[in-house]
Amino acid sequence: MKTIERADVIYKFDPGNQPVASVEAGETILIETDDCFGSQLKSEEDLITEVDFSKVNPATGPVEIKGAMPGDLLAVDILDIDLGTKGFMVAIPDEGGFGHLIEEPATKLIPVSEGKFWFTPDLSFPINPMIGVIGVSPSERAVPCGEIGNHGGNMDAKVICPGARVYFLVQKDGAMLAMGDVHAGMGDGESVICGVEITARVKVRVELIKSHQFRPPRPVVELSDRFITIGHGPSLDEAASTALDDILKLIRYKTNMPVSEIAMLISAVGNLKVCQIVDPQKTARVEIPKSILEFPDQPVFS
Ligand code: CA
Ligand code: ZN
């Protein structure tokens, strides 16, 4: 199994990036990710105001998938996320959902052990590992890893977790997969401005789907029981509207239902959820039961 090392990072999903590794479709790889602060916070004495912002939000990669061409679908199976032992959170004046109440920057060290993160020595929670930043190369404009686009990026969606399969529409030859910003846990909204930020070793398998008809405009996530679209926009309303449009298009592609009926179906059993409210582009997602799109002997994307 190839290992992509933590030092091999990008700060932008840039069509000009050169691959740090090249793998075959079907291969399983181990990707070592740095935390979103580029490991610049070592203790609670280190403040976010002192970090070098040119070194935040590193994503490990990009990894070229041989044979991937624009229009293909890249399916990334998240097999395992092995976390480091030290998580960090920060609070920043005038940033995030509580910025108006926060007077001084603060850093909190959150140890991870025994399958839990320890918010205090008396208050622990089961880890809930997820990948905040994951994407492929955009076709034209370079997008900083802290931002979001149709290629993926900083979506901060809790559903990108072990067991998930994430579909990306390939935009550049080789797809150029990169990821980072793993969280030991995060609540929907990411309200303060971060999750429990931590280094990780992420095991993924990459597959290419060539002969599909449907081109999802943005990443789609598959879990054991759900399909999820993730939308983004300058407001939560616009992010929600995009995620709703995307799931409607996906259902329409797989079924013969009229739009009004699909809209009712989503309203009856689809769940619209907030991913994060703290970046200039907000992200929201819609989750629908898998039974809507599953037909015997017919994969969803074919
Ligand atoms: Ca993030
Ligand atoms: Zn993060």
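Structure: above.
Okay, so let's go over this structure. (Residues numbered from 1 in each chain as written. Chains lettered and ligands numbered in written order. Predicted model: local features only at pLDDT ≥ 70, side-chain atom pairs only at ≥ 80, totals over all residues. Heavy atoms only, no water.)

With that out of the way, let us pick up the sheet that holds strand S18 (residues 200-209). With mixed pairing, nine strands are arranged side by side in an open sheet as S1-S5-S18-S7-S16-S19-S20-S22-S21. The open sheet has two free edges, formed respectively by strand S1 (2-4) and strand S21 (271-276), since each of these has just one partner strand. When strand polarity is set aside, the average angle formed by the axes of neighbouring strands in this sheet is 30°. Looking at chain direction, strand S16 (residues 165-169) and strand S19 (residues 220-222) are connected through three bridges and run antiparallel. Each bridged residue has a counterpart across the sheet, and for Tyr167 the counterpart in S19 is Val220. Relative to the sheet, helix H1 (residues 236-254) contacts S19, strand S20 (226-233), S21 and strand S22 (282-289), its axis offset from that of S20 by approximately 140°. (Pairing = 2+ DSSP bridges. Helix = DSSP H or I, 4+ residues; strand = E, 2+ residues; numbered from the N terminus. Axes fitted to C-alpha atoms, helices over the stretch in contact; angles between N-to-C directions. Contact = heavy atoms within 4.5 Å.)

Those protein atoms acting as donors to the zinc ion (ligand 2) are Asp181 (OD), His183 (NE2), Glu197 (OE) and Glu197 (OE), and they sit at 1.8 to 2.4 Å. Taken together, the four donor atoms surrounding the zinc ion (ligand 2) define angles of 56 to 142° at the centre, an arrangement classified as irregular. Sequence positions of the residues that donate to the zinc ion (ligand 2) give the spacing D-x1-H-x13-E. A spacing of 3.4 Å is found between the zinc ion (ligand 2) and the calcium ion (ligand 1), which share Asp181 as a donor. Highlighted residues: His183 in strand S17 (residues 177-183) and Glu197 in the loop between S17 and S18, separated in sequence by 14 residues. Note on accessibility: His183 and Glu197 belong to one class, buried. (Donors = N, O, S within 2.8 Å, 3.2 Å for Na, K, Ca; no water. Tetrahedral: all angles 85-135°; square planar, octahedral: opposite > 155°, others 65-115°. Buried < 20%, exposed > 50% of the residue type's maximum accessible area, 1.4 Å probe, protein only.)

Bringing the nonpolar core into the picture now. With 62 residues, the main nonpolar core has Leu74, Ile78, Ile134 and Ile160 as its most contacted residues. Excluding anything up to four places from it in sequence, Leu74 contacts Ile65, Val136, Val166, Tyr167, Phe168, Val170, Ala175, Leu177, Val206, Glu207 and Leu208. If you look at the next biggest cluster of nonpolar residues, it comprises 21 residues, including Tyr167, Ile247, Ile251 and Phe301. (Core = buried A, V, L, I, M, F, W, Y, C linked by side-chain atoms within 4.5 Å.)

The next subject is the coordination of the calcium ion (ligand 1). Surrounding the calcium ion (ligand 1) are the protein donor atoms Asn154 (OD1), Asp156 (OD), Asp156 (OD) and Asp181 (OD), which sit 2.1 to 2.5 Å from the metal. In terms of primary sequence, the donors binding the calcium ion (ligand 1) are separated according to N-x1-D-x24-D.

Moving on, we get to the pairing of strand S9 (residues 106-113). Where strand S8 (residues 86-91) meets S9, six bridges bridge the pair, whose relative direction is antiparallel. If you follow Phe88 over to S9, its bridge partner there is Leu109. In this structure, S9 lies alongside strand S10 (residues 116-120), joined through two bridges in antiparallel fashion. If you follow Ser113 over to S10, its bridge partner there is Lys116. Where S9 folds back onto S10 in an antiparallel hairpin, the turn is made up of two residues, including Glu114, whose phi is positive at roughly 55°.

Let's shift gears to the pattern of salt bridges. Scanning the entire structure with this criterion turns up 17 salt bridges. Across the pair Lys2 and Glu27 runs a salt bridge whose closest N-O atoms are separated by 3.6 Å. Placement of the pair is Lys2 in strand S1 and Glu27 in the loop between strand S4 (21-23) and strand S5 (28-33), with a sequence separation of 25 residues. The exposure class assigned to Lys2 is partly exposed, which follows from its relative accessible area of 35%. A salt bridge links Arg201 to Asp82; the nearest nitrogen and oxygen atoms lie 3.7 Å apart. Here Asp82 lies in strand S7 (residues 73-83) and Arg201 lies in strand S18, a separation of 119 residues in the sequence. Since its relative accessible area comes to 35%, Arg201 is described here as partly exposed. By relative accessible area, which is 37% here, Asp82 ends up partly exposed. Put simply, Lys158, Asp188, Asp225, Arg226, Lys273, Arg285 and Glu287 are held in one network by salt bridges that share partners. (Salt bridge = Lys/Arg side-chain N within 4 Å of Asp/Glu carboxyl O.)

For the rest of this paragraph, the subject is a nonpolar patch on the surface. Nonpolar side chains collect at one region of the surface, where Phe119, Leu123 and Phe125 lie side by side and expose about 240 Å² of accessible area between them. For Phe125, the position within the fold is in strand S11 (residues 123-126). The exposure class assigned to Phe125 is partly exposed, which follows from its relative accessible area of 35%. (Patch = residues over 30% accessible without salt bridge, like charges linked within 9 Å, V, L, I, M, F, W, Y side chains within 5 Å. Areas by Shrake-Rupley, 256 points an atom, 1.4 Å probe, with all protein chains shown as cover.)

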